[in-house]
Amino acid sequence: MVEIHITDIIPLIGIPDPPNGRRNYNIPCPCCDNGPREKHLNINLSKDVFCCPRCHFSGGVFDLYAFYTGTDRVGVREVLMERLGLKDSGPQYEGSKKKREKRTITRPILQDIELPLTDIDTRHETYSAFLSKLSLASDHRQNLLSRGFSEEEIQIKGYKTMPVAGFSAIAKQLQSEGFYLGGVPGFYHTADGSWTLTQEKRGILVPARTPDGKIQGIQVRRDNVKKGKFRWLSSVGKPDGCKAETWTHIVGNPTPTVLLTEGPMKADIIHYITGQTVIAVPGVNSLNHLQDILNHVRAHGTTKIMTCFDMDYLKNPHVKDGYHNLAAMLAKSEFAYGTYIWDPQYKGLDDYVWHCRQEGTL
Ligand SMILES: [Zn+2]
């Protein structure tokens, strides 16, 4: 059977083309957006699906065509074969059969697809409201105080304890207060159609923020875990869930020299103790969103980046390539850059500056 893709029908229904060859883009949602500046409808050309996280208008190629042309959904395939001048052929050779079988997995089943990430303002509002409903357990408070934070700073940062129960109740409350949960990583739909939150191991919730302090996403610093201590709150693979991004965090206003470390919590501590502006990537192998932040600080007068990863970290062979890519990115953006080195008995720069502060040398 001949396959028909969203790219085939774009000229027929008159929706915008993807910008510079992208496979995933947003256009104004015909069901819930007012005006061309709002773009909630996500078009995914790789999966041949579309979805609006706000009003849940979603489906596949034929649904999209039927909606925009007012055609009956049932006869869309025949209409399109005709309009596109295609013919259904007989049995095909094995290669194409294999390909087709693989594709059927990604076919849209309305309830089962993940939602595209919603916009930053919506995420910030939902995550802020979410954190405001949680508390910080005393062991977590002690942990944060022992790293150098003050009570007040802990509150300002919005650190909370990942709950171990009551997921549906939290989601229900957020929804009843008017917060959007669709396209916010961590939230998804249960079988009975109500929203809930992904269960994650108990730990400290650490918000990753934009230059203006909005919450991009939330990391969970999981208790009693050695490997994979930090995870992003995600509802990947869940009905109406949403995959987490590996956000870059920044704390402080751009200054001529800015530090770059690993992990938002470390960045927050270094900034709080030294007053220096700090950028945090989740790891040197997760640089996806770093360029945006580099462009931001560049435009605001930063000329030098000093990296300060844990002293043992760069000895790890798995991070060599990542560090090489990072250096290349900094050079390409025309930053001067260097690396801070400190007393190796303190693993991270956060540990070291806290030690110096306690000694009265900082
Ligand atoms: Zn919509």
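Parameters at a glance
- Residues numbered from 1 in each chain as written.
- Predicted model: local features only at pLDDT ≥ 70, side-chain atom pairs only at ≥ 80, totals over all residues.
- Helix = DSSP H or I, 4+ residues; strand = E, 2+ residues; numbered from the N terminus.
- Buried ≥ 20, exposed ≤ 12 C-beta atoms within 10 Å, placed from the backbone.
- Pairing = 2+ DSSP bridges.
- Axes fitted to C-alpha atoms, helices over the stretch in contact; angles between N-to-C directions.
- Core = buried A, V, L, I, M, F, W, Y, C linked by C-beta atoms within 7 Å.
- Contact = placed C-beta atoms within 7 Å.
- Expected span 1.5 Å × (residues − 1).
- Arc of directions from axis to C-beta.
- Domains from an automatic or database assignment.
- Parallel < 35°, antiparallel > 145°, perpendicular 65-115°, else oblique.
- Left-handed = near helix turned anticlockwise from the far one by under 90°.
- pLDDT = per-residue confidence, 0-100.
- Nonpolar A, V, L, I, M, F, W, Y, C, P; charged D, E, K, R; others polar.

Enquirer: Residues and numbers for the overall build of the protein, please.
Expert: When helices and strands are tallied, the protein shows 12 helices and 15 strands. For the C-alpha atoms alone, the extent of the protein along its principal axes is close to 80 × 45 × 45 Å. Considering the protein as a whole, with its 362 residues, one finds that 34% of them fall into the buried category.

Enquirer: Mind laying out the sheet that holds strand β15 (residues 336-339), listing which residues take part and the relevant values?
Expert: Within the open sheet, the 5 strands sit side by side as β11-β13-β12-β14-β15. Their pairing is mixed. Unpaired on one side and paired on the other, β11 (249-251) and β15 mark the two borders of the sheet. Here the average twist between neighbouring strands, direction ignored, is 25 degrees. Summarising the sheet, strand β12 (residues 257-262) and strand β14 (residues 304-307) pair through 4 bridges and their orientation is parallel. Following the sheet pairing, T257 is matched in β14 by K304.

Enquirer: Outline the nonpolar core, listing residues and values.
Expert: Burial of nonpolar side chains together is a common tendency in soluble globular proteins. Counting 69 residues, the largest nonpolar core has V61, F187, L205, I269, I270, V278 and I279 as its most contacted members. Top contributing element to this core by residue count: helix α9 (residues 264-274), with 6 residues. Those residues within four positions of I270 in sequence are excluded, and the remaining contacts are L259, T261, Q276, V278, L349, D350 and V353.

Enquirer: How would you summarise helix α5 (residues 120-132) if you had to cite specific residues and measurements?
Expert: Helix length check: α5 (13 residues) gives 18 Å between terminal C-alpha atoms against 18 Å at 1.5 Å per residue, within 8%. For α5, the set of buried residues is R123, T126, Y127 and F130. Projected onto a plane normal to the axis of α5, the buried residues spread over an arc of 95 degrees and lie on a single side. Of the exposed residues in α5, those oriented more than 90 degrees away from the buried face are D121 and S132. Contacts from the buried residues of α5 go to α8 (167-176), β8 (203-209) and β9 (215-222).

Enquirer: Give a detailed account of the domain arrangement of the protein, specifying residues and quantitative values.
Expert: When the domains of the protein are assigned, the result is domain 1 (6-106), domain 2 (114-245) and domain 3 (248-362). Domain 1 and domain 3 are separated by 43 Å when their C-alpha centres are compared.

Enquirer: Describe the packing of α9 against helix α12 (residues 349-359), naming the residues involved and giving the relevant values.
Expert: Helix-helix packing is characterised by the crossing angle of the two axes and by the distance between the axes. Where α9 meets α12, the axes come as close as 9 Å, and the angle between the chain directions of the two elements is 25 degrees. By the angle class used here, α9 and α12 are roughly parallel. α9 and α12 meet at a crossing whose hand is left-handed. Across from K266, I269, I270, I273 and T274 in α9, the residues of α12 making contact are L349, D350, V353, W354 and R357.

Enquirer: Outline the sheet that holds β8, listing residues and values.
Expert: Spatially, 4 strands are ordered β5-β8-β9-β10 in an open sheet, and the strand pairing comes out antiparallel. Two strands close off the open sheet at either side, each with one partner strand: β5 (160-161) and β10 (230-232). Sheet topology places β9 next to β10; 3 bridges connect them, and they run antiparallel. Bridge pairing in β10 links V220 to R231. In this fold α5 packs onto β5, β8 and β9, with an angle of close to 40 degrees to the strand it touches most, β9.

Enquirer: Which residues make up the pairing of strand β2 (residues 41-44), and what are the values?
Expert: Two elements, strand β1 (residues 24-27) and β2, share 4 bridges in a ladder whose sense is antiparallel. Paired with N24 across the strands is N44, a residue of β2. Pairing of β2 with strand β3 (residues 49-51) involves 3 bridges; the strand directions are antiparallel. What sits directly across from I43, in β3, is F50. The hairpin turn running from β2 into β3, its antiparallel successor, is 4 residues long, and D48 in that turn takes a positive phi close to 55 degrees.

Enquirer: Describe the environment of L80, listing the residues and the values that go with them.
Expert: Tracing the backbone shows L80 in helix α3 (residues 76-83). For the pair L80 and L12, spaced 68 residues apart in sequence, the C-alpha separation works out to 9.4 Å. Contact partners of L80, with chain neighbours within four places excluded, come to I4, I9 and Y65.

Enquirer: Give a description of the confidence of the model for the protein that names residues and reports values.
Expert: In this model, the protein carries a mean pLDDT of 88, and residues with pLDDT of at least 70 account for 93%. Note that residues 92-112 has pLDDT below 50 and, in this model, 11 contacts with residues that lie over four places away or in other chains.

Enquirer: Which residues make up unusual backbone geometry, and what values go with them?
Expert: Positive phi is not limited to glycine here, since D240 has a value of about 55 degrees. When you line up the elements, D240 lands in the loop between β10 and β11. Non-glycine residue E334 carries a positive phi angle of around 60 degrees. Relative to the helices and strands, E334 is located in the loop between α11 (320-332) and β15.

Enquirer: Tell me about the packing of helix α1 (residues 6-13) against helix α2 (residues 61-69), and name the residues and values.
Expert: Running from amino to carboxyl end, α1 crosses α2 at an angle of 5 degrees, the nearest separation of the two axes being 10 Å. In terms of axis orientation, α1 runs roughly parallel to α2. Contacts between α1 and α2 involve I6, I9, L12 and I13 on the former and, on the latter, V61, L64, Y65, Y68 and T69. Grouping the constituent residues of the contact of α1 with α2 by class yields 8 nonpolar, 1 polar and no charged.

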